[in-house]
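# Chain and residue survey
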Amino acid sequence: MDGNGRWAQRRSLPRTAGHQAAETTVIDIIEAARAAGVEWLSLYAFSTENWSRPGTEVDFLMGLVRRVVRKHAPLLLVRGIRCRFLGVADSRVPRELAQDFEDLATLTADNRGMTLTVAFDHGGRRDIVEAARSLIRSRTPANEVTEQLFADHLPFPDTPDVDLVIRTSGEQRISNFMLWQVAYAEWVFPEVLWPDFRAPDFLACLHTYRRRDRRFGGVPPRTMGDPS
């Protein structure tokens, strides 16, 4: 969800104003995804690298996220959305915020309408390292380690591989997001800044995805055996 700072800068506002404006987009996209039949939606809210931002901005984000979680918990429950939080391992995450995350996950655990994963204090490399450590602790012989077994040791192993990554504001990099799961994801890079991103923009990205020819390293059946 990129572009909050630039959105604020273009309006001669503090960066925190861009983060505040992003709340409307978050709810709009959750509703649009649910209405479109999306079963798994992940939002990259705060990365392990974001701790390097100015302390005042980090503190503001922690408070803002807590207000958003508490404010919209009833909506997420009634919409049948199951909420999960990927990350939240750093001791710098305020205890109250971590508790709010846990409470929302428990509150919505039985929902089956859509799974919303919020990546907060998330890093794809850290997830892979933790999976490797888990395998070592389980004393799994090296020759028994498969891709599936490795994936089973990642956080939330029931999460399917990512089909589509949407990165707003025109940025074109992975930024340590779910590195294992995005191996064969399709990518779309809309220029619109996240606070201005709305349901029609999201649906346009879905339309782009549906037109992609996903071959996963193979070739279409019609060309099998044709060397041309």
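Before any of the text, the structure's been laid out above.
A quick note: this is a predicted structure, and the numbers were derived from the prediction, not measured.

Cut-offs applied
Residues numbered from 1 in each chain as written. Predicted model: local features only at pLDDT ≥ 70, side-chain atom pairs only at ≥ 80, totals over all residues. Heavy atoms only, no water. Salt bridge = Lys/Arg side-chain N within 4 Å of Asp/Glu carboxyl O. Helix = DSSP H or I, 4+ residues; strand = E, 2+ residues; numbered from the N terminus. Buried < 20%, exposed > 50% of the residue type's maximum accessible area, 1.4 Å probe, protein only. Pairing = 2+ DSSP bridges. Axes fitted to C-alpha atoms, helices over the stretch in contact; angles between N-to-C directions. Parallel < 35°, antiparallel > 145°, perpendicular 65-115°, else oblique. Left-handed = near helix turned anticlockwise from the far one by under 90°. Contact = heavy atoms within 4.5 Å. Nonpolar A, V, L, I, M, F, W, Y, C, P; charged D, E, K, R; others polar.

Enumeration according to the criterion identifies 21 salt bridges in this entry. Residues Glu 186 and Arg 212 are paired through a salt bridge, measuring 2.9 Å at the closest nitrogen-oxygen approach. Taken together, the residues span a long stretch of sequence, with Glu 186 in strand β5 (residues 186–188) and Arg 212 in the segment after α7 (199–210) at a distance of 26 residues. Note that Glu 186 is salt-bridged to Arg 214, the shortest N-O span being 3.7 Å. Here Glu 186, found in strand β5, pairs with Arg 214, found in the segment after α7; they are 28 residues apart in sequence, far enough to count as distant. The exposure class assigned to Glu 186 is buried, which follows from its relative accessible area of 16%. Residue Arg 214 is classed as partly exposed on the basis of its relative accessible area, which comes to 22%. Here the residues in one salt-bridge network are Asp 163, Glu 186, Arg 212 and Arg 214, joined through shared partners.

The sheet built from three strands is open, its strands ordered β1-β3-β2 with parallel pairing. At either margin of the open sheet sits one strand with a lone partner, and together these are β1 (40–47) and β2 (81–87). Taken over all neighbouring pairs, the strand axes of this sheet differ in orientation by 20° on average, direction set aside. As paired elements, β2 and strand β3 (residues 114–122) share seven bridges and run parallel to each other. Each bridged residue has a counterpart across the sheet, and for Arg 84 the counterpart in β3 is Thr 117.

Where helix α2 (residues 15–35) contacts helix α3 (residues 55–78), the two axes come as close as 11 Å, and the packing angle between them is 25°. Accordingly, the angle class assigned to the pair α2 and α3 is roughly parallel. The two elements α2 and α3 meet at a crossing, and its hand is right-handed. From α2, Arg 15, Thr 16, His 19, Gln 20, Glu 23, Ile 27, Ile 30 and Glu 31 reach across to α3, where they touch Glu 57, Phe 60, Leu 61, Leu 64, Val 68, Lys 71, His 72, Leu 75 and Leu 76. In terms of residue class, the contact of α2 with α3 is built from eight nonpolar, four polar and five charged.

Geometric values such as these leave the question of function open.
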